[in-house]
Amino acid sequence: MTTHVKRAFRYRFYPTVVQAVELSRTFGCVRKVYNMALSARSEAWYQRGERVNYNATSAMLTAWKKSEELAFLAEVSSVPLQQCLRHLQAAFTNFFARRAKYPRFKSRHKSRASAEYTSSAFRFRNGELTLAKMAGPLDIRWSRPLPEGAKPSTVTVSRDAAGRWFVSLLCEDASVNPLAATETAVGIDAGLDHLLTLSTGEKITNPRHERQNRKRLARAQRNLSRKAKGSNNRAKARQRVARVHAHIADRRRDTLHKLTSRLVRENQTLVIEDLTVRNMVKNHTLARAIHDAAWSEFRSLLEYKAAWYGREVIAVDRWLPSSKLCSTCGTLQEKMPLHVRTWTCNCGTAHDRDVNAARNILAEGLSVSACGAGVRPQRRTPGGQSAAKQEVPRSDPGRASGERP
């Protein structure tokens, strides 16, 4: 059975000087409109107690274009400006639903420069993409083909901090076919010494991409710190730092894509821990290594690929004492310091700490699945604090749920 999914296909492109200028102007206008609309909505609520929705901000945009001070907004395509207002509406919707924090203003240097075009603002014919306000098509490197007969519904153009240009085409892909069902299930224990340990006994090495480039990154950052603020040399140095970060992120993403694809192909049921990475990185000793491991990105990739290909991902309670529990007899050890990597239970079974944890995670996940439940309820300490991964010491776990400002 074929599954129709919305899928974004991302390509790098190289704009001409004229196209780069036009897109840069569009990015600036999108950022300006987003910030002005956010300011207007916040002011209306906090000062007058009024709710401002998308329709109201759209009317504001029309008035802004007619003003002498903001007349430049009418010189770029109107579609990306309207789309950024819709994105702001979605951000407020997520905030009120407690799925995200309060929307933040976009920064010229720290925010990703992007603009979204709907079908009325671009032309896609014969493998060429032409955006509104542009005379010619974009010079795109088609690194992989689009699905046969696919027509993009939206196009997002972006420029990252390293100065690279990308275009993302959202299409409906009918070529995603669920994989044949298997009887295989695997428990996955995330760690730092090894990126993942599977219940089968396999240990996947942590590539530590950031550590491999740490000297290069430190050198680029020292060079940046010596440049005068506001100078062209500082802008060039900032881009060199961004290139190092982009290189690290690309390698990390490539590793996680290959790993998650293999796990989804080989297993019908995948059981992981419901980790709260946001709280775990408050331990500043391990924060850098945790960010480099990218556990949250791993879970995100695993979940959407499992949904595409008919697999099941189960997240078990993070309070499960997976390391201290004997997977053979179920005896719970009183203490299990982090330096203890192998131990022997009273029943005589010798355990590898991480493999034993993965097997306990698998057993717990299968029991949760048999009960028809999802993520198990999170237990609370007497002080109301949430748990973090037991393998990582924590200085200030904080709250498990997202906090509203």
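Note that this is a predicted model, so its numbers are computed, not measured.

K.L.:
Please clarify how the overall build of the chain should be interpreted in this entry.
P.N.:
The helix and strand tally for the chain stands at 10 helices and 14 strands. By principal-axis analysis of the C-alpha atoms, the chain measures approximately 80 × 50 × 50 Å. Among the 405 residues that make up the chain, the fraction classed as buried is 43%. The contacts in the chain between residues at least 6 apart in sequence include a share of 72% that link residues at least 24 apart. Accessible surface, the chain as shown: approximately 22,300 Å² in total, 50% of it carbon and sulfur. Once the 70 positive and 35 negative side-chain charges of the chain are each reduced to a mean point, those two points are 7 Å apart.

K.L.:
Help me understand the pairing of strand S3 (residues 122–125) in this model?
P.N.:
Successive residues of a regular strand alternate their side chains across the two faces of the sheet. Where S3 meets strand S4 (residues 128–131), 4 bridges bridge the pair, whose relative direction is antiparallel. Pairing of Arg125 across the sheet is with Glu128, part of S4. What sits between the antiparallel neighbours S3 and S4 is a turn of 2 residues, in which Asn126 has the positive phi angle 50°.

K.L.:
It is not clear to me how the packing of helix H5 (residues 214–225) against helix H6 (residues 232–266) should be interpreted in this structure. Could you clarify?
P.N.:
Relative placement of two packed helices is described by the angle separating their axes and the distance separating the axes. Between H5 and H6, the least distance of the axes is 9 Å, while the angle of their chain directions is 165°. On the basis of their axis angle, the class for H5 and H6 is roughly antiparallel. H5 and H6 meet at a crossing whose hand is left-handed. Here Arg216, Leu217, Ala220, Gln221, Asn223 and Leu224 of H5 come into contact with H6, specifically with Arg234, Ala237, Arg238, Arg240, Val241, Val244, His245 and His247. Classifying every residue of the contact of H5 with H6 gives 6 nonpolar, 4 polar and 4 charged.

K.L.:
Help me understand a positive patch on the surface in this model?
P.N.:
A cluster of basic residues, Lys215, Arg216, Arg219, Arg222 and Arg226, forms a positive patch on the protein surface. Summarising the element assignment, Arg219 is placed in helix H5.

K.L.:
What is the right way to read the confidence of the model for the chain from this model?
P.N.:
Low-pLDDT portions of the prediction should not be read for the details of their coordinates. Scored by pLDDT, the chain comes out at a mean of 88, with 91% of its residues at no less than 70. In this model, residues 374–388 is a region of pLDDT below 50 whose contacts with residues beyond four sequence positions or in other chains number 39 contacts. Scored below 50 in pLDDT, residues 390–405 shows 50 contacts in the model against residues more than four places distant or in partner chains.

Quick notes on the rules
- Think of each chain on its own: its residues are numbered from 1, step by step along the sequence as written.
- Thresholds applied to this predicted model are a pLDDT of at least 70 for local features of residues and 80 or more for the giving and counting of side-chain atom pairs; totals over whole chains, interfaces and linings are not thresholded and use all residues.
- Where side-chain values are given, they derive from all heavy atoms of the structure, hydrogens and water being excluded.
- Runs of E in the DSSP output that reach at least two residues are strands. Runs of H or I that reach at least four are helices, and both are numbered from the N terminus.
- Throughout, exposure labels follow a simple rule: accessible area from a 1.4 Å probe, protein chains only, divided by the maximum for the residue type, with under 20% read as buried, over 50% as exposed, and the rest as partly exposed.
- Throughout, a residue-residue contact means that at least one pair of heavy atoms, one from each residue, lies within 4.5 Å.
- Method for areas: the Shrake-Rupley scheme with a 1.4 Å probe, in which residue coverage is limited to the protein chains shown.
- For the purpose of counting charges, residues Lys and Arg are taken to be positive, whereas Asp and Glu are taken to be negative. His and the chain ends are not included.
- Charge coordinates come from a single atom per side chain, which is NZ of Lys, CZ of Arg, CG of Asp or CD of Glu.
- Following DSSP output, two strands are said to pair if at least two bridges run between them.
- Fitted lines through C-alpha atoms serve as axes, helices being fitted only where they are in contact, and the angles separating the N-to-C directions of these axes extend from 0 to 180 degrees.
- The labels follow the angle: roughly parallel below 35 degrees, roughly antiparallel above 145, roughly perpendicular from 65 to 115, and oblique for the rest.
- Each crossing is labelled by how the near helix is turned from the far one, with a counterclockwise turn of less than a right angle marking it left-handed and a clockwise turn marking it right-handed.
- Asp, Glu, Lys and Arg are counted as charged, while Ala, Val, Leu, Ile, Met, Phe, Trp, Tyr, Cys and Pro are counted as nonpolar; the rest, among them Gly, fall into the polar class.
- Put simply, a patch holds well-exposed residues, over 30% relative accessible area, that have no salt bridge, with like charges counted together within 9 Å and Val, Leu, Ile, Met, Phe, Trp or Tyr side chains within 5 Å.
- Any carboxyl oxygen of Asp or Glu that lies within 4 Å of a side-chain nitrogen of Lys or Arg is treated as forming a salt bridge with it.
- pLDDT runs from 0 to 100 and stands for how confident the predictor is about each residue.

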